[in-house]
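As a plain string of letters, each chain reads:
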Amino acid sequence: MKKYIYMDNAATTPVKQEVLDEMLPYFNVNYGNPSSIYTLGSKSKNAISIAREKIAKAINADAREIFFTAGGSEADNWAIKGIAYANKNKGNHIITSKIEHHAVLHTCQYLEKQGFRVTYLDVDQYGLIDLEQLKEAITDDTILISIMFANNEIGTIQPIKEIGEIAKEKGIYFHTDAVQAIGHIKIDVDELNIDLLSMSAHKFYGPKGIGALYVRRGVKIDSLIAGGGQERNKRAGTENVPGIVGMGKAIELAYENLEEKNAKLIKLRDRLIEKIFEKIDYVRLNGHPTNRLPGNVNVCFEFIEGESILLSLDMVGIAASSGSACTSGSLEPSHVLLAIGLSHEIAHGSVRLTLGDFNTEEEVDYVAEKLAEIVSRLRSMSPLYEKIKEEK
Ligand SMILES: *Cc1c(COP(=O)(O)O)cnc(C)c1O
């Protein structure tokens, strides 16, 4: 049997067996509508409460501050549009960064068409925003700062505590898209002064199509989905009970032995980076050398196309990605790689390998070896590379 190596854990993760086991009864045994008053309904309702508690506890929030959504994209849309609409009497200015996920960027662009003003902060070569530039961007009209916790492409972790302090001092709401961070990094919304936080279960071994928005008590936010009174009248629609149960279990598991798991991931990550640099020339590591997600490796191989590398990797049973999953397949290079200052040419040669709990050292070694073969083969067909070698 040909083995299959999955190194695209930033795109999605497999549902863990323990998570699936907890979800299954909520499809066809405990299938009651949580809003129904009979026993079968209250079973679902209780299961939702337990999951909500687990999620709240994981980020040091109150259960009443957790609102389930259909995933990270909805949470991002809701946080930004909901704050913009509910606070437009105070101002129309939003601050975000150039390297946000499209769920944030496209929401901001949509609001711009409706008369809101958006500042897109630059990032440095590592993908970090500049806190001074953030302070300078704030005006009397600023109602929201939305900066992602950790980047999905290059793994860079932003100075969230400092951003939270600035926002708090100025009395501006602070939203963070923590989809890549939650379940992978310890998060305390009080310590970090976070007012709104987006999460998605399928990025931490839970099911797809379920997420949540943390909304600090007292924050003024409009609802986007009208209907029944679910989620304390803030998000209508019959709850995704199996998904919610799965998300609760997944977050609990994610924070069990987190330090051990991360120590293992960092070791694997650094081994993969080391092997790539050892075997291949004209490579660059994208993102911050140390201040990055434990499982993230993002590299550019000069003179060749990331897409060709991915196809060749797939042929030997390795799943990886170039840029974000949403961008792959399009010819535009990643907005994140352009924002850290890469040229279009170099950005096209990018490959993202994201490690997870199921990857092993053997897999890392195998992938590095295959990558070296593939890069060398593709470069042998690249006139530019041949020319550079001749000149050397
Ligand atoms: C995956 C992802 C999202 C979108 O989450 P979905 O649940 O897939 O809608 C948003 N932001 C970031 C940073 C992500 O990685």
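Reading guide: rules and limits
Residues numbered from 1 in each chain as written. Predicted model: local features only at pLDDT ≥ 70, side-chain atom pairs only at ≥ 80, totals over all residues. Heavy atoms only, no water. Helix = DSSP H or I, 4+ residues; strand = E, 2+ residues; numbered from the N terminus. Rg over C-alpha atoms; globule rule 2.2 N^0.38 Å. Buried < 20%, exposed > 50% of the residue type's maximum accessible area, 1.4 Å probe, protein only. Contact = heavy atoms within 4.5 Å. Pairing = 2+ DSSP bridges. Right-handed = clockwise from strand over helix to strand, strands pointing away. Axes fitted to C-alpha atoms, helices over the stretch in contact; angles between N-to-C directions. Salt bridge = Lys/Arg side-chain N within 4 Å of Asp/Glu carboxyl O. Expected span 1.5 Å × (residues − 1). Near = heavy atom within 4 Å. Polar contact = N/O pair within 3.5 Å; in protein donor to acceptor, adjacent residues only side chain to side chain. Areas by Shrake-Rupley, 256 points an atom, 1.4 Å probe, with all protein chains shown as cover. Nonpolar A, V, L, I, M, F, W, Y, C, P; charged D, E, K, R; others polar. Phe/Tyr/Trp six-rings, centres within 6.5 Å; stacked < 30°, edge-to-face > 60°. Lys NZ or Arg CZ within 6 Å of the ring centre and 35° of its normal. pLDDT = per-residue confidence, 0-100.

Would you mind going over the overall build of the protein chain with me for this structure?
When you go through the protein chain residue by residue, the secondary structure sums to 15 helices and 12 strands. The C-alpha radius of gyration of the protein chain comes to 22 Å, within 12% of the 21 Å expected for a compact globule of 392 residues. Counting only C-alpha atoms, the protein chain reaches 75 × 55 × 35 Å along its principal axes. Counting the 392 residues in the protein chain, one finds 57% classified as buried. Across the protein chain, every contact between residues at least 6 apart in sequence was considered, and the portion connecting residues at least 24 apart equals 73%.

Please clarify how the pairing of strand β4 (residues 117-121) should be interpreted in this entry.
The two faces of the sheet receive side chains in turn, since in a regular strand these alternate between them. Strand direction decides the pairing type here: strand β3 (residues 93-97) and β4, joined by five bridges, are parallel. Its bridge partner lying in β4, Ile 94 is registered against Val 118. For the segment spanning β3, helix α5 (residues 102-113) and β4, crossover handedness is right-handed.

For this particular structure, what's the right way to read the sheet that holds strand β12 (residues 350-354)?
Each strand in a sheet pairs with its neighbour through backbone hydrogen bonds, running either in the same direction (parallel) or in the opposite one (antiparallel). Pairing within the open sheet is antiparallel, and its three strands lie in the order β9-β10-β12. Lying at the two open borders of the sheet, with one neighbouring strand each, are β9 (283-285) and β12. When strand polarity is set aside, the average angle formed by the axes of neighbouring strands in this sheet is 25°. Two elements, strand β10 (residues 296-301) and β12, share five bridges in a ladder whose sense is antiparallel. Its bridge partner being in β12, Asn 298 is matched across the sheet by Arg 352.

Sorry if this is basic, but what is going on with the pattern of salt bridges here?
Close approach of charged atoms allows side chains with opposite charge to pair. With the rule as written, the count across this model stands at 20 salt bridges. Between Glu 252 and Lys 249 there is a salt bridge; the shortest N-O distance is 3.6 Å. A residue pair is termed a helical-turn pair when its members lie 3 or 4 positions apart in one helix, as Glu 252 and Lys 249 do in helix α9 (residues 241-254) at three residues.

Hey, could you run me through helix α14 (residues 361-380) in this one?
One full turn of an α-helix is made of 3.6 residues, so residues set three or four places apart face in the same direction. Helix length check: α14 (20 residues) gives 29 Å between terminal C-alpha atoms against 28 Å at 1.5 Å per residue, within 8%. All of the buried residues along α14 are Glu 363, Val 364, Val 367, Ala 368, Lys 370, Leu 371, Ala 372, Ile 374, Val 375, Leu 378 and Arg 379.

How do you make sense of the sheet that holds strand β5 (residues 142-146) when you look at a structure like this?
Here seven strands make up an open sheet; going across it, the order is β2-β8-β7-β6-β5-β3-β4 and the pairing mixed. Whereas interior strands pair on both sides, the edge strands pair on one side only; in this sheet they are β2 (66-69) and β4. Strand-to-strand twist of the sheet, defined as the mean angle between neighbouring strand axes without regard to direction, takes the value 20°. The sheet contacts of helix α4 (residues 72-86) involve β2, β3, β5, β6 (173-177), β7 (196-200) and β8 (211-215), and relative to β7 the element is tilted by about 160°. With respect to the sheet, helix α7 (residues 160-170) is in contact with β5 and β6, its orientation differing from that of β6 by roughly 155°.

Could you clarify how one ought to interpret the site of the ligand in this entry?
Not every one of the 13 residues close to the ligand is listed here, only the nearest: Ser 73, Asp 177, Gln 180, Ser 200 and Lys 203. One of the side-chain N or O atoms of His 202 is found 2.9 Å from an oxygen atom in the ligand. In isolation the ligand has 380 Å² of accessible area, and contact with the protein removes 87% of it. Among the elements that make up the shell around the ligand, the one with the highest residue count is α4 (three residues). Looking at the shell around the ligand, its residues break down into two nonpolar, eight polar and three charged.

Would you explain the packing of aromatic side chains in this entry?
The way to describe two aromatic rings as a pair is by their centre distance and the angle between their planes. In total, this model carries six aromatic pairs according to the counting rule given. A centroid spacing of 5.2 Å and a plane angle of 70° characterise the contact between Tyr 282 and Phe 303, whose relative ring orientation is edge-to-face. Here Tyr 282 is found in the loop between α10 (258-279) and β9, whereas its partner Phe 303 is found in the loop between β10 and α11 (306-315), with 21 residues between them in sequence. One aromatic cluster is present, formed by Tyr 282, Phe 303 and Tyr 385 through successive ring pairs. Of note, Lys 16 hangs over the ring of Tyr 205, and the distance from its end group to the ring centre comes to 4.4 Å. Just above the ring of Tyr 385 sits the side chain of Arg 379; from NZ or CZ to the centre is 5.0 Å.

Would you mind showing me how to read the environment of Asp 141 here?
The residue Asp 141 is located in the loop between α6 (131-137) and β5 in this model. Separated by 130 residues in the primary sequence, Asp 141 and Ala 11 place their C-alpha atoms 36 Å from one another. Sequence-distant contacts of Asp 141, that is, excluding residues within four places in its chain, are made with Lys 90, Gly 91, Asn 92 and His 93.

Which parts of the structure should I look at to understand the environment of Ile 318?
Positionally, Ile 318 belongs in strand β11 (residues 318-319). You can call Ile 318 buried: its relative accessible area is 1%. Taking the C-alpha atoms as reference points, Ile 318 and Ala 84, 234 residues apart in sequence, are found 42 Å from one another. Leaving out residues up to four positions away in the same chain, Ile 318 has contacts with Ile 5, Leu 313, Tyr 366, Val 367 and Lys 370.

Just checking my understanding: could you explain the confidence of the model for the protein chain for this structure?
Atomic detail in the predicted coordinates should be set aside for any region of low pLDDT. Overall, the prediction assigns the protein chain a mean pLDDT of 95, with 97% of residues at 70 or greater. Overall, residues 324-328 carries pLDDT values under 50, and its contacts beyond four positions in sequence, including any with other chains, amount to 12 contacts.

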